[in-house]
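Commentary on secondary and tertiary structure
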Protein chains: 2
Amino acid sequence: AGAPNPKPPEPIRGLLGMGWGDLGVNGEPSRETPNLDRMAAEGMLFPNFYSANPLCSPSRAALLTGRLPIRNGFYTTNAHARNGYTPQEIVGGIPDSELLLPELLKEAGYVSKIVGKWHLGHRPQFHPLKHGFDEWFGSPNCHFGPYNNRARPNIPVYRDREMVGRFYEEFPINLKTGEANLTQIYLQEALDFIKTQQARGRPFFLYWAVDATHAPVYASKPFLGTSRRGRYGDAVREVDDSVGRILSLLGDLRIRESTFVFFTSDNGAALVSAPRQGGSNGPFLCGKQTTFEGGMREPAIAWWPGHVPAAQVSYQLGSVMDLFTTSLSLAGLKPPSDRAIDGLDLLPAMLQGRLTDRPIFYYRGNTLMAGRPPRAGSGVPRASLTFPPASLQGVDFCPGQNVSGVTTHTQEEHTELPLIFHLGRDPGERYPLRFDSTEYLDALGRISPVVRQHQAALVPGQPQLNVCDRAVMNWAPPGCEKLGKCLTPPESVPEKCSWPH
Amino acid sequence: AGAPNPKPPEPIRGLLGMGWGDLGVNGEPSRETPNLDRMAAEGMLFPNFYSANPLCSPSRAALLTGRLPIRNGFYTTNAHARNGYTPQEIVGGIPDSELLLPELLKEAGYVSKIVGKWHLGHRPQFHPLKHGFDEWFGSPNCHFGPYNNRARPNIPVYRDREMVGRFYEEFPINLKTGEANLTQIYLQEALDFIKTQQARGRPFFLYWAVDATHAPVYASKPFLGTSRRGRYGDAVREVDDSVGRILSLLGDLRIRESTFVFFTSDNGAALVSAPRQGGSNGPFLCGKQTTFEGGMREPAIAWWPGHVPAAQVSYQLGSVMDLFTTSLSLAGLKPPSDRAIDGLDLLPAMLQGRLTDRPIFYYRGNTLMAGRPPRAGSGVPRASLTFPPASLQGVDFCPGQNVSGVTTHTQEEHTELPLIFHLGRDPGERYPLRFDSTEYLDALGRISPVVRQHQAALVPGQPQLNVCDRAVMNWAPPGCEKLGKCLTPPESVPEKCSWPH
């Protein structure tokens with residue numbers, strides 16, 4: 001692969017379960033993200049940027065493969081239209097057949113590191129270093145806990161191939177006060193990695209996947225109690241401050257103009273954790289777990305001084321999957337041609353302001369719930385083919401936001417006569433277009449062929465998130481002997497995962 | 001009164017029923033207000049800025065008097081906690097005993113003009129030129145219509161003391177296409193006034209009260225169909241463009257640094273007009289007519305290059321009434337000392353970044369519905385003492401936003417045990433604090449004395465909006481003879497106004 005730049009830019013990105021509306025620049029009333037707001041002022045804001053799934057693991061799998069979860073296998077068929085992820089009882093993970101971004105970037109000489117949550121499977125064959133990353137500091141699963149080492153062990157923290165401790169043990173999170181030093185540790189890992197690669201003159205890819213804004217939310221002592229928004233806000237402030245410090249370092253090292261940085265999130269803010277531990281999806285409906293806009297629309301900022309023009313807003317319909325294709329393009333590489341790739345190269349949008357037509361598909365598990373037609377221009381409809389259940393097994397995903405006739409408690413099939421929303425006039429999806437209106441028929445005429453074409457050409461991957469087994473939990477991760485922390489797994493009893501999502 | 005500046009700054013402000021969330025800089029996803037966003041980038045944004053009432057007339061009366069409507073008489077006692085305004089059957093208007101901003105600015109030699117909607121009474125004694133304005137181009141009432149000249153006449157458009165035509169007649173508004181040239185006419189009036197005063201070397205006060213975003217929303221041909229948000233967006237784009245042209249002119253005339261400009265709105269976006277003719281209140285609950293944040297929180301930008309520092313966000317709790325006091329302060333004048341003034345001088349916040357403690361009171365008519373305690377700092381509670389009815393006589397003021405247990409169809413009295421919200425964590429007022437929490441008791445302890453003190457000291461003005469009479473409608477405004485457009489009023493039958501609000 002040829003490199004268009006003498007020195008290819010080094011991509012960095014963050015990923016953290018923050019909501020679209022948590023950015024000051026996206027209207028959060030307390031305006032507590034001065035660094036991210038400055039990043040947007042120095043770069044390009046994408047208000048129409050989407051996750052590939054309203055849940056963490058599938059969204060991250062899509063980001064790193066450039067493919068919808070329905071293709072890369074990050075879904076379940078255990079129940080209809082259910083989101084699955086990778087708790088520690090998951091047996092599956094990212095298949096070897098998938099090509100991840102860091103694997104491909106190796107061809108252009110990139111050194112890759114993931115800092116933070118991996119979430120693509122925790123069994124040894126799924127670890128980041130088996131899938132192209134050169135370094136890892138972070139955890140394979142979410143920082144739920146603390147656990148008791150009998151029903152389930154605490155989640156390990158890895159440095160590269162080995163566990164170096166566990167959450168709530170060597171890496172404490174105080175559930176009462178919300179204090180944890182993790183974001184500072186993750187920040188230091190990022191800064192050190194960047195300094196080292198700059199000193200060695202190596203192009204690098206840093207995937208900075210912090211999770212302080214995921215319940216249980218946490219912040220380090222200097223940030224606790226500093227937000228007008230409570231503990232969630234403290235976590236946001238610390239992430240914002242960290243982004244500022246990373247961007248500053250790039251300036252200090254004089255690699256601002258050769259480093260491409262993208263900030264986004266993996267799904268909408270979790271309203272089930274609101275208001276104490278949940279963020280804001282701005283004007284959008286519902287949040288994480290749903291395929292309403294609040295679950296799928298993400299904060300998104302591109303920053304590359306001297307290349308991406310400053311203080312721009314792009315209406316390009318974007319997706320986390322685009323970061324795969326765009327990063328390859330930055331490195332002078334092409335995406336694999338032997339498989340369907342959903343990611344789009346955003347460089348035309350960023351460098352020439354050229355918009356590319358592309359649809360957005362909203363999936364829960366393997367079920368297409370909604371679609372947004374390619375044109376980002378006027379009209380801006382989206383059609384809900386199947387209605388995301390606003391609540392399931394007692395979980396209300398839209399607390400305080402249920403819209404009569406729109407959010408439903410049971411899933412409803414609308415494929416033949418989808419509910420269509422005009423996202424320009426009605427970003428909050430509160431007023432479905434009238435079935436008998438010309439506008440409805442026009443929108444349907446734009447959406448239906450796109451959906452049919454997508455579905456006709458679709459080859460689903462093997463579902464990876466169907467089987468769970470308490471025996472595969474993090475009882476004895478590599479390195480546990482050195483720490484004297486190996487636990488004995490229970491007998492293996494594989495069973496269908498149950499997903500209350 | 002002494003003038004602190006050799007040449008006092010010339011205040012300008014706009015007022016137009018736009019929602020907090022309609023500004024790009026406040027997160028509107030289509031980002032269609034580049035001029036207002038630039039104004040914010042060159043000035044100071046106030047995300048915590050409030051109307052004095054969630055309806056047009058009382059809000060404007062408060063702006064021009066610096067006093068709550070309960071004091072200046074812009075309320076009704078015909079029904080409990082009802083908002084009243086000035087339709088053309090209203091008998092009352094702004095009392096002579098009230099001192100309006102332009103009356104006071106005369107002492108400092110200011111020439112004042114109102115362009116657009118007056119809304120403080122249309123009978124001759126209430127006209128703007130009787131209350132301190134030197135010039136007027138615009139209408140006394142809202143541009144509802146068209147009417148048939150038998151049940152009610154169309155609303156007149158005045159130049160100074162005389163009618164020069166009527167809406168839907170000499171000043172057409174096409175209800176089908178939404179085309180109207182009014183914003184362009186209002187813009188030209190503003191530009192001409194500014195040029196003239198600058199040429200004459202006179203300090204001026206321009207109150208630019210456009211109403212294109214009030215249903216029936218309208219825009220001129222070049223703007224129609226240009227927004228991604230529909231016709232309401234077209235209107236917003238034209239207003240935004242006009243603001244840009246006004247600010248440009250100040251630059252061309254080299255009076256940027258001697259002209260203070262403030263942009264705000266009179267109430268939240270009207271959700272009853274959504275989604276086709278209604279705007280966005282961002283993350284806030286409900287809209288116009290309610291005392292939830294969506295009805296009361298306003299977009300607000302201060303601009304004064306060389307004085308108000310650029311690109312700042314102020315957490316000052318602000319109110320439209322502050323524009324009264326601040327404008328006097330800019331002109332080196334003091335507010336009247338013979339009456340209670342609710343407006344605060346914002347200059348310390350704008351020039352020195354100094355925040356002043358002050359409460360916010362949320363009224364419907366003469367009923368105090370909610371209060372926000374003085375401190376703008378941490379915690380940020382607000383207490384709802386009485387619940388605003390989300391619907392009344394069949395009007396739903398919160399369509400698609402009703403929150404179970406919070407928005408109610410009947411008014412509910414909660415004064416003894418108010419519902420308290422943490423506006424930092426929960427700007428959307430969806431999660432009342434638990435009555436048994438320490439946080440609730442702390443907040444109650446901060447709010448209750450403020451409310452008690454306010455109510456104990458309150459002297460309500462004489463209600464001006466109680467009596468209606470079809471005979472007082474705009475049948476024969478001054479100047480109608482010249483136009484041959486005088487109509488014969490019906491017999492006078494004064495009656496209690498009925499307010500479906």
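In this text, all values refer to a predicted model and were calculated from it rather than measured experimentally.

**Quick word on helix α5 (residues 182-200) of chain B**
Residue and element names in this part refer to chain B. Relative to the 27 Å expected for 19 residues at 1.5 Å per residue, α5 spans 27 Å between its end C-alpha atoms, a close match to the ideal helical length. Among all positions in α5, only Leu182, Thr183, Tyr186, Leu187, Glu189, Ala190, Leu191, Phe193, Ile194 and Gln197 are buried. Once α5 ends, the next one or two residues include glycine 201, with phi positive near 70°.

**Side note on the pattern of salt bridges**
Between side chains of opposite charge, a pair can form when the charged atoms approach closely. Residues and elements named next belong to chain B. Within this structure, the stated rule accounts for 42 salt bridges over all chains. The salt bridge partner of aspartate 342 is arginine 71, with a shortest N-O separation of 2.7 Å. Of this pair, aspartate 342 sits in the loop between α8 (322-330) and α9 (347-352) while arginine 71 sits in helix α3 (residues 69-72), and the two are 271 residues apart along the sequence. Residue classification places aspartate 342 among the buried residues on the basis of a relative accessible area of 17%. Overall, the relative accessible area of 13% leaves arginine 71 in the buried class. Taking the shortest distance from any N to any O, the salt bridge between aspartate 322 and arginine 358 comes out at 2.7 Å. You can see aspartate 322 sitting in helix α8 and its partner arginine 358 sitting in the loop between α9 and β13 (360-364), a full 36 residues away along the chain. Aspartate 322 gets classed as buried once you look at its relative accessible area, which sits at 0%. Exposure remark for arginine 358: the relative accessible area of 7% places this residue in the buried category.

**Re the sheet that holds strand β13 (residues 360-364) of chain A**
All names here are of chain A. Taken together, four strands build an open sheet; the order of strands is β13-β14-β15-β20 and the sheet is antiparallel. Sheet topology places β13 and β20 (419-422) at the edges, where each strand pairs with a single neighbour. Strand after strand, the sheet turns through a mean of 25° between neighbouring axes, direction not considered. As paired strands, strand β14 (residues 367-372) and strand β15 (residues 381-384) are joined by two bridges and run antiparallel to one another. Within β15, the residue paired with alanine 370 across the bridge is serine 384.

**Some words on the side chain of aspartate 266 of chain B**
Here aspartate 266 of chain B is to be found in the loop between β9 (259-264) and α7 (293-296). Reaching out from aspartate 266 of chain B, the side chain makes a polar contact with the side chain of arginine 60 of chain B at a distance of 2.8 Å.

**Some thoughts on the domain arrangement of chain A**
Quite often, the size of an interface is put as the accessible area lost when its parts meet. Residues and elements named next belong to chain A. Split by domain assignment, chain A resolves into domain 1 (10-356) and domain 2 (367-457). Summarising the inter-unit geometry, the C-alpha centres of domain 1 and domain 2 are found 27 Å apart. In this assembly, 23 residues from domain 1 lie in contact with 26 residues from domain 2. Taken together, both faces of the contact between domain 1 and domain 2 bury some 2,100 Å²; the carbon and sulfur share is 59%. When the buried area of domain 1 at its contact with domain 2 is split by residue, Leu285, Thr291 and Phe292 rank highest and sum to 27% of it. Linking domain 1 with domain 2 are one salt bridge. Two residues, arginine 382 and glutamate 293, come together in a salt bridge whose shortest N-O distance is 3.0 Å. Along the contact surface separating domain 1 from domain 2 lie seven residue pairs in polar contact (both at pLDDT 80 or more). Considering only residue class, the side of domain 1 that touches domain 2 consists of 12 nonpolar, six polar and five charged.

Rules used throughout
- Numbers given for residues are sequential positions, taken from 1 along each chain in its written order.
- Each chain is given a letter, starting from A, and each ligand a number, starting from 1, according to the order in which they appear as written.
- Where local features are concerned, this predicted model is filtered to residues with pLDDT of at least 70; where side-chain atom pairs are given and counted, the filter is 80 or more; whole-chain, interface and lining totals use all residues.
- Excluding hydrogens and water, the side-chain values take into account all heavy atoms of the structure.
- In this text, helices come from DSSP runs of H or I with a minimum length of four residues, and strands from runs of E with a minimum of two, each type numbered from the N-terminal end.
- Between the first and last residue of a helix there are one fewer steps than residues, each counted as 1.5 Å, and that sum is the expected span.
- Burial classification: accessible surface area is computed with a 1.4 Å probe over protein chains only, and a residue below 20% of its type maximum counts as buried, one above 50% as exposed, and the rest as partly exposed.
- Whenever Lys or Arg places a side-chain nitrogen within 4 Å of a carboxyl oxygen from Asp or Glu, that contact is recorded as a salt bridge.
- What makes two strands pair is DSSP finding at least two bridges between them.
- Every axis in this analysis is a line fitted to C-alpha atoms, fitted for helices over the stretch in contact. Angles between the N-to-C directions lie between 0 and 180 degrees.
- Polar contacts, as counted here, are pairs of nitrogen or oxygen atoms within 3.5 Å of one another; within protein the pair requires one atom able to donate a hydrogen and one able to accept it, and residues that are adjacent in sequence qualify only if both atoms are side-chain atoms.
- Residue ranges for the domains originate in an automatic or database domain assignment.
- We call two residues contacting when some pair of their heavy atoms lies within 4.5 Å.
- Put simply, buried area is the surface a 1.4 Å probe can reach on two separate parts but cannot reach once they are joined, added for both.
- Charged residues are taken to be Asp, Glu, Lys and Arg, nonpolar residues to be Ala, Val, Leu, Ile, Met, Phe, Trp, Tyr, Cys and Pro, and polar residues to be all remaining types, Gly included.

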